[in-house]
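Report on the structure
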Number of protein chains: 2
Amino acid sequence: MSGSGVRPGRRRSEESRQAILGAAFDLLGEVGYARLTVEGIAARAGTGKQTVYRWWPGKADVLLEAVTAYAREHIPLPETADRAADLRTFLTATFAAATPRTSDALRALMAEAQIDPAFGERFRETLLRPRREALGAVVDRAREAGLLAPHLTTDTAVDLAFGALWYRLLATGRPLDDELAELLTRTLLR
Amino acid sequence: MSGSGVRPGRRRSEESRQAILGAAFDLLGEVGYARLTVEGIAARAGTGKQTVYRWWPGKADVLLEAVTAYAREHIPLPETADRAADLRTFLTATFAAATPRTSDALRALMAEAQIDPAFGERFRETLLRPRREALGAVVDRAREAGLLAPHLTTDTAVDLAFGALWYRLLATGRPLDDELAELLTRTLLR
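Quick notes on the rules
- Residues numbered from 1 in each chain as written.
- Chains lettered and ligands numbered in written order.
- Predicted model: local features only at pLDDT ≥ 70, side-chain atom pairs only at ≥ 80, totals over all residues.
- Heavy atoms only, no water.
- Helix = DSSP H or I, 4+ residues; strand = E, 2+ residues; numbered from the N terminus.
- Expected span 1.5 Å × (residues − 1).
- Buried < 20%, exposed > 50% of the residue type's maximum accessible area, 1.4 Å probe, protein only.
- Contact = heavy atoms within 4.5 Å.
- Least-squares fit on C-alpha atoms with pLDDT ≥ 70 in both.
- Salt bridge = Lys/Arg side-chain N within 4 Å of Asp/Glu carboxyl O.
- Polar contact = N/O pair within 3.5 Å; in protein donor to acceptor, adjacent residues only side chain to side chain.
- Nonpolar A, V, L, I, M, F, W, Y, C, P; charged D, E, K, R; others polar.

Chain A goes by TetR family transcriptional regulator in an unreviewed UniProt entry, where it is assigned to Kitasatospora griseola.

1. Observations concerning helix α8 (residues 154-172) of chain B
Counted at 1.5 Å a residue, the expected span for α8 of chain B with its 19 residues is 27 Å, and the 26 Å between its end C-alpha atoms agrees. Count one or two residues on from α8 of chain B and you reach G173 of chain B, which has phi positive near 70°.

2. What to know about the environment of L91 of chain B
Residues and elements named next belong to chain B. Relative to the elements of secondary structure, L91 occurs in helix α5 (residues 83-96). Residue L91 is classed as buried on the basis of its relative accessible area of 1%. Sequence-wise, L91 and A161 are 70 residues apart; in three dimensions their C-alpha atoms are separated by 8.1 Å. Excluding residues that lie within four positions of it along the chain, L91 makes contacts with L135, A161, A181, L184 and T185.

3. Brief notes about helix α4 (residues 59-74) of chain A
Residue and element names in this part refer to chain A. Its 16 residues give α4 an end-to-end C-alpha distance of 23 Å, which sits within 8% of 22 Å, the value for a rise of 1.5 Å per residue. For α4, the set of buried residues is K59, A60, D61, V62, L63, L64, A66, V67, T68, A69 and A71. Where α4 is buried, its residues contact α1 (8-31), α2 (38-45), α3 (49-55), α6 (100-115) and α7 (117-144).

4. Section: the environment of T185 of chain A
All names here are of chain A. You can see T185 is positioned in helix α9 (residues 178-188). Taking relative accessible area as the criterion, T185 reaches 2% and is therefore assigned buried. Residues T185 and P78, 107 residues apart in the sequence, show an inter-C-alpha distance of 14 Å. Look past the residues within four positions of T185 in its chain and what remains in contact with it is A84, L87, R88 and L91.

5. Let's talk about the relation of the copies chain A and chain B
The two chain copies are related to each other by a rotation about an axis together with a translation along it. Once chain A has been moved 0.0 Å along the axis and rotated by 180°, it coincides with chain B to within an RMSD of 0.0 Å. Those values place the two copies in the arrangement expected of a two-fold rotation axis. With an isologous cut-off of 70% or more, the 100% of interface residues of chain A that recur at the interface of chain B puts this contact in the isologous class.

6. Quick word on the interface of chain A and chain B
Taken together, the contact between chain A and chain B spans 30 residues of the former and 30 residues of the latter. Here D159 of chain A ties to R168 of chain B by a salt bridge, and the two come within 2.7 Å at their closest N and O atoms. Remark: the boundary between chain A and chain B carries 16 residue pairs in polar contact (both at pLDDT 80 or more). Elements that contribute at least two residues to the side of chain A that touches chain B include exactly α6, α7, α8 (154-172) and α9 of chain A. Looking at the side of chain A that touches chain B, its residues break down into 16 nonpolar, 6 polar and 8 charged.

7. Some points on the environment of T51 of chain A
Residues and elements named next belong to chain A. Mapped onto the secondary structure, T51 falls in helix α3. Assessed through its relative accessible area of 16%, T51 is described here as buried. With 34 residues separating them along the chain, T51 and R17 place their C-alpha atoms 8.8 Å apart.

8. A look at the pattern of salt bridges
Residues and elements named next belong to chain B. On inspection of all chains with the given rule, the structure shows 32 salt bridges over all chains. Here R132 and D155 are joined by a salt bridge, their closest N and O atoms 3.6 Å apart. With a gap of 23 residues between them, R132 in helix α7 (residues 117-144) and D155 in helix α8 connect regions that are remote in the sequence. Residue R132 is classed as buried on the basis of its relative accessible area of 16%. Given the relative accessible area of 43%, D155 is considered partly exposed.

The structure is reproduced here in structure tokens:
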């Protein structure tokens with residue numbers, strides 16, 4: 001066996017996956033979710049439609065992987081001695097990850113999750129649950145330090161923070177900014 | 001002119017509208033939003049499809065009127081001397097109005113609003129804005145009484161309350177109950 005690590009076929013495959021994820025993001029911004037198609041994504045990525053279907057059941061699942069990967073890469077889990085600062089930092093990074101293109105994808109995915117229950121399950125498992133667990137870990141450490149507002153549980157604090165995020169994304173379009181991160185931190189902690 | 005008030009033609013017309021709104025709710029619960037059609041709604045209501053289209057551009061707008069009318073009828077605006085109790089009462093009534101059938105409709109409407117921007121505008125104007133104004137009035141009176149948490153504005157308090165409601169509806173399915181109303185009241189007030 002060679003010591004070079006990744007085999008060429010595997011590397012090409014990974015490049016192809018990345019091209020498809022990027023193409024899905026780009027096309028969504030250009031044509032909107034209603035007119036996004038697997039054919040269009042494949043053409044933009046320079047692959048065949050069957051290549052897309054080999055890995056994902058449809059356009060929503062391509063976007064789901066693209067957004068999930070983006071969140072994992074761009075939202076670190078802070079763990080310093082200052083638990084309140086950790087919460088503010090995590091929320092600030094979460095809101096900053098809602099760029100115009102990830103926001104478009106998030107809105108489309110939440111919509112698809114309402115209309116297609118099977119996709120809704122994958123959406124909850126792949127994106128929402130890991131995000132809740134990440135924020136939950138930060139809130140838990142604040143709670144253990146005696147900082148959480150006494151009438152809140154970790155789960156409810158997570159509902160309030162992600163509720164504000166999604167409501168602004170889906171309903172009002174009000175900004176996901178540092179001010180909201182600060183205000184949520186003050187609301188959730190005592 | 002007769003003194004009897006409503007003309008028969010007008011009364012029949014109103015009965016027909018009400019039958020269509022009720023049929024839309026019923027069918028949504030039975031077949032789900034993806035398989036709901038204007039044809040199906042008309043058949044269930046005992047009218048023609050053209051009667052539906054005379055009043056609404058499509059199935060989403062029928063559901064929007066049904067939900068908006070339900071909210072208007074079932075969520076009174078409390079105004080007592082106890083501003084904190086008023087907020088709790090309003091939130092409790094709002095959550096109680098999220099019955100299984102209105103919840104199904106709300107999820108479908110929020111989804112449609114993401115996918116069809118023109119419908120999204122009507123959804124915001126017809127349902128979200130009046131609901132924000134109603135809760136905003138209750139929060140404003142609490143603020144004027146010096147009860148609002150000092151780091152919150154009325155708009156932000158409304159975001160947190162409706163954010164929690166929509167996030168549980170769309171994402172987690174956790175209950176919209178008296179406990180959440182109580183907890184939000186304690187979170188938003190000082």
